Amino acid sequence: MKIKTLLFVGVLTLLLSLNIFSYPRDEGVLNKPSVSFANLKDGDKVKSPFKVVFELNGMLISPAGEYVEGSGHHHLLINQPYIAKGLTIPADSNHLHFGKGQKEIELNLTSGIYKLTLQFADGYHRSYGEELSKTIQIEVQ
C-alpha cells in the first residue's frame, strides 16, 4: 500500500510542478512573427559602404513567385514607411526586393540621415503590414 501511495504522490507532484512551470503561457506572444535588423539599431552612425543584415522570427523565408503560407521574403525600404498589409511592394531604387531569400545587402549611400524600413512580404510581394516591419533611422557619415 505504501508503494502505491508514494507512486501516486510522486506522479501528482510531477503533474503539479509541470503545470506550475507552464502556466500562464500565452503562445501568441511567444510565437508572434517579427523582423529586425541584426547589425544596426536606431540612431547608429555608419560609413558607406555598410552591411545591413535582416532577421526574421516566427516565419520562413521562401523565394518570390509563389505563395507559401507562413513564409515570404525581405524588402528594404529607403526613406519610405512600411507598406500596409495586402498591398504590393513597388520595385524601385527606394524599395529593394530580396526575392531569392537573401538576408543581407551592402549599401553604398551618400552622407545623410536615412530611415530604413525592413518589410516582410509574401511570395507575390504583398506586404504583411506593420506587424512584420521594422523602421530605424541611421546617419551615413
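Cut-off values and rules
Per-chain numbering applies: the sequence of each chain, read as written, is numbered from 1 onward. Totals for whole chains, interfaces and linings use every residue, but because this is a predicted model, local features are given only for residues with pLDDT of at least 70 and side-chain atom pairs only at 80 or more, for both listing and counting. Processing note: side-chain calculations cover all non-hydrogen atoms of the structure and skip hydrogens and water entirely. The helix and strand labels rest on DSSP assignments: H or I over at least four residues marks a helix, E over at least two residues marks a strand, and numbering proceeds from the N terminus. Two N or O atoms count as a polar contact when they lie within 3.5 Å, although within protein this holds only if one can serve as hydrogen donor and the other as acceptor, and sequence-adjacent residues are included solely when both atoms are side-chain atoms. What makes two residues a contact is simply this: any of their non-hydrogen atoms within 4.5 Å. Any residue under 20% of the maximum accessible area for its type is buried, any over 50% is exposed, and the rest in between are partly exposed; the area is computed with a 1.4 Å probe on protein chains only. Residue-level confidence of the predictor, termed pLDDT, takes values from 0 up to 100. Strand pairing follows a simple DSSP-based rule, namely that at least 2 bridges must link the two strands. In what follows, salt bridge is the name for a side-chain nitrogen of Lys or Arg lying within 4 Å of a carboxyl oxygen of Asp or Glu.

1. Some details on the side chain of Gln119
Then step 1. Note that Gln119 resides in strand 8 (residues 112-121).
Then step 2. At 3.0 Å, the side chain of Gln119 and the backbone nitrogen of Ile83 are in polar contact.
Then step 3. A polar side-chain atom of Gln119 sits 3.0 Å from the main-chain carbonyl oxygen of Gly129.
Then step 4. With sequence-adjacent residues up to four places away left out, Gln119 is seen in contact with His73, His74, His75, Leu77, Tyr82, Ile83, Ile89, Ser127, Tyr128, Gly129, Leu132 and Ser133.

2. Some points on the environment of Phe37
Then step 1. Considering the arrangement of structural elements, one finds Phe37 in strand 1 (residues 34-37).
Then step 2. You can call Phe37 buried: its relative accessible area is 7%.
Then step 3. Those residues in contact with Phe37 that lie beyond four places of it in its chain are Val52, Val53, Leu76, Leu116, Thr117, Leu118, Lys134 and Ile136.

3. Digging into unusual backbone geometry
Then step 1. Ser48 connects to Pro49 through a cis peptide bond whose omega is -5°.
Then step 2. With respect to the helices, strands and loops of the structure, Pro49 is situated in the loop between strand 2 (45-46) and strand 3 (50-57).
Then step 3. Phi is positive for Asn79, which is not a glycine, with a value near 55°.
Then step 4. Inspection of the secondary structure puts Asn79 in the loop between strand 5 (71-78) and strand 6 (95-97).
Then step 5. Despite not being glycine, His125 shows a phi value in the positive range, around 65°.

4. Some words on the confidence of the model for the protein
Then step 1. Across the protein, the average pLDDT comes to 87, with 79% of residues at 70 or higher.
Then step 2. Segment residues 14-29 is flagged for pLDDT under 50; beyond a separation of four residues in sequence, or across chains, it makes 1 contact in the model.

5. Observations concerning the pairing of strand 3
In the case of a regular strand, side chains alternate between the two sheet surfaces.
Then step 1. Residues Phe50, Val52, Phe54 and Leu56 line the buried face of strand 3, whereas the alternating positions Lys51, Val53, Glu55 and Asn57 sit on a face that is not buried.
Then step 2. With 4 bridges joining them, strand 1 and strand 3 adopt antiparallel strand pairing. Across the sheet, residue Phe37 finds its bridge partner in strand 3, namely Phe54.
Then step 3. With 4 bridges joining them, strand 3 and strand 7 (residues 104-107) adopt antiparallel strand pairing. Directly across from Phe50, in strand 7, lies its bridge partner Leu107.

6. Overview of the pattern of salt bridges
Then step 1. Using the criterion set out here, one finds 3 salt bridges in the structure.
Then step 2. Among the ionic pairs, Arg126 bridges to Asp122, the shortest N-O distance being 2.8 Å.

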